[in-house]
Amino acid sequence: MKNQTAFIFDLDGVIVDTAKFHFLAWQKLANKIGIDFSEKENEQLKGVSRIKSLEKILSWGKKSLSDEEFQRLMDEKNQDYLNHVHQMTKADILPGVEDFLEELKSKNHPIALGSASKNAKTILKCVGLSNTFEAIIDGNKVTKAKPDPEVFLKAARLLNTEPQNCFVFEDSIAGIKAANAGGMTSIGIGNKDTLHEAAFCFNNFNEFDYQFFKTIKTQA
Ligand code: BG6
Ligand code: MG
């Protein structure tokens, strides 16, 4: 079991396109408190926890808040974000993801979710993937945020496999760094220039297939 090749998936921006909802909710909040927020800033928040995200936004705008106000704004952002999430259905799963997950399951590979989100289980339920993953490590189960590898190392442990046997799918710079720091093979999903630290990078799940991972294994 220990040598089995395992696959760990980030959620936001890899399985579902919730990255656009995070963007809309943070932009609305930042603008409300007088801070500019564009796609450029948003890129730096991908994979970053809710608390760290608001800290970064405030530091860009050189603003500080009381603890109560900080908590209130985080809750407001999350409520706004969840209003988008609750509209999601199976149709919001990104192209090629479901087929790939099915193929991995049919080949008996252990698969886990490794996400910074505290809303991960809600999202999986909305899109009908609640029973897909053997292990789920989300924002409620980690003490250190990506780029720390804790989330992926915990997932590998639950899958009962070693880090070097794991492939990690990630759309964020922080997540790629986390996978690399954990000694796993990082697969970037998104822009090659942005995710240049990834071992391999694809625009989406239709650009590769299961066979690709067999090739890497034989080369190793
Ligand atoms: C990550 C997202 O998956 O989860 C980040 O890429 C987000 O943008 C983080 O801030 C935390 O999510 P949540 O749902 O707990 O606010
Ligand atoms: Mg992500």
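Residues numbered from 1 in each chain as written. Chains lettered and ligands numbered in written order. Predicted model: local features only at pLDDT ≥ 70, side-chain atom pairs only at ≥ 80, totals over all residues. Heavy atoms only, no water.

Attention shifts here to the coordination of the magnesium ion (ligand 2). Ideal geometry at a metal gives 109.5 degrees between four tetrahedral donors and either 90 or 180 degrees between six octahedral ones. With distances of 2.0 to 2.1 Å, the protein atoms coordinating the magnesium ion (ligand 2) are Asp 10 (OD), Asp 12 (O) and Asp 171 (OD). Donor residues for the magnesium ion (ligand 2), ordered by position in the chain, follow D-x1-D-x158-D. Of this pair, Asp 10 sits in the loop between β1 (6-9) and α1 (19-32) while Asp 171 sits in the loop between β4 (166-170) and α8 (173-181), and the two are 161 residues apart along the sequence. Comparing Asp 10 with Asp 171 shows no difference in burial state: the two are buried. (Donors = N, O, S within 2.8 Å, 3.2 Å for Na, K, Ca; no water. Helix = DSSP H or I, 4+ residues; strand = E, 2+ residues; numbered from the N terminus. Buried < 20%, exposed > 50% of the residue type's maximum accessible area, 1.4 Å probe, protein only.)

In this section: the layout of surface pockets. Quantified by volume, the largest pocket comes out at close to 580 Å³. Along the wall of the largest pocket there are 34 residues; nearest its centre are Val 48, Ser 49, Arg 50, Ala 116 and Ser 117. Residue contributions to the lining of the largest pocket peak at six residues, all from helix α4 (residues 67-85). When grouped by side-chain class, the residues that make up the lining of the largest pocket number eleven nonpolar, twelve polar and eleven charged. Looking at which domains feed residues into the lining of the largest pocket, each of domain 1 (6-16 + 92-219) and domain 2 (19-85) supplies at least three. (1 Å grid on protein atoms, 1.4 Å probe; cavity = no way out; pocket = protein on both sides within 12 Å on 5 of 7 lines; lining within 4 Å. Points joined across faces, edges and corners; volume = space filled by probe spheres on them. Nonpolar A, V, L, I, M, F, W, Y, C, P; charged D, E, K, R; others polar. Domains from an automatic or database assignment.)

Our focus in this paragraph is the packing of α1 against helix α3 (residues 50-60). Between α1 and α3, the shortest axis-to-axis distance is 11 Å and the interhelical angle comes to 40°. Taken together, the axes of α1 and α3 lie oblique to each other. In this structure, α1 crosses over α3, and the sense of that crossing is right-handed. For the pair α1 and α3, the contacting residues are Trp 26, Leu 29 and Ala 30 in the first and Arg 50, Ser 53, Leu 54 and Ile 57 in the second. Class assignment of the residues belonging to the contact of α1 with α3 gives a composition of five nonpolar, one polar and one charged. (Axes fitted to C-alpha atoms, helices over the stretch in contact; angles between N-to-C directions. Parallel < 35°, antiparallel > 145°, perpendicular 65-115°, else oblique. Left-handed = near helix turned anticlockwise from the far one by under 90°. Contact = heavy atoms within 4.5 Å.)

Another point: the site of ligand 1. In the vicinity of ligand 1 lie 14 residues, with Asp 12, Val 48, Ser 117, Lys 118 and Asn 119 positioned nearest. Lys 118 places a polar main-chain atom, nitrogen or oxygen, 2.7 Å from an oxygen atom of ligand 1. Within the side chain of Asn 119, an N or O atom sits 2.6 Å from an oxygen atom of ligand 1. Coverage of ligand 1 by the protein amounts to 97% of the 390 Å² it exposes when considered alone. The cavity where ligand 1 resides is the largest pocket. (Near = heavy atom within 4 Å. Polar contact = N/O pair within 3.5 Å; in protein donor to acceptor, adjacent residues only side chain to side chain. Areas by Shrake-Rupley, 256 points an atom, 1.4 Å probe, with all protein chains shown as cover. Sits in = over half its atoms within 2 Å of the grid points.)

Of note, Thr 161 is situated in the loop between α7 (150-158) and β4. A polar atom in the side chain of Thr 161 sits 3.4 Å from the side chain of Asn 165.

With that out of the way, let us pick up the packing of aromatic side chains. The geometry of an aromatic ring pair is captured by two quantities: the separation of the ring centres and the angle between the planes. Taken as a whole and judged by the stated rule, the model has 23 aromatic pairs. When the centroid spacing of 5.2 Å and the interplanar angle of 90° are considered together, the rings of Phe 202 and Phe 212 count as edge-to-face. Of the two residues, Phe 202 sits in strand β6 (residues 200-202) while Phe 212 sits in helix α9 (residues 210-219), which places them ten residues apart along the sequence. In this structure an aromatic cluster arises from ring pairing among Phe 7, Phe 9, Phe 100, Phe 133, Phe 167, Phe 169, Phe 200, Phe 202, Phe 205, Phe 208, Phe 212 and Phe 213. (Phe/Tyr/Trp six-rings, centres within 6.5 Å; stacked < 30°, edge-to-face > 60°.)

Structural measurements only, silent on function.
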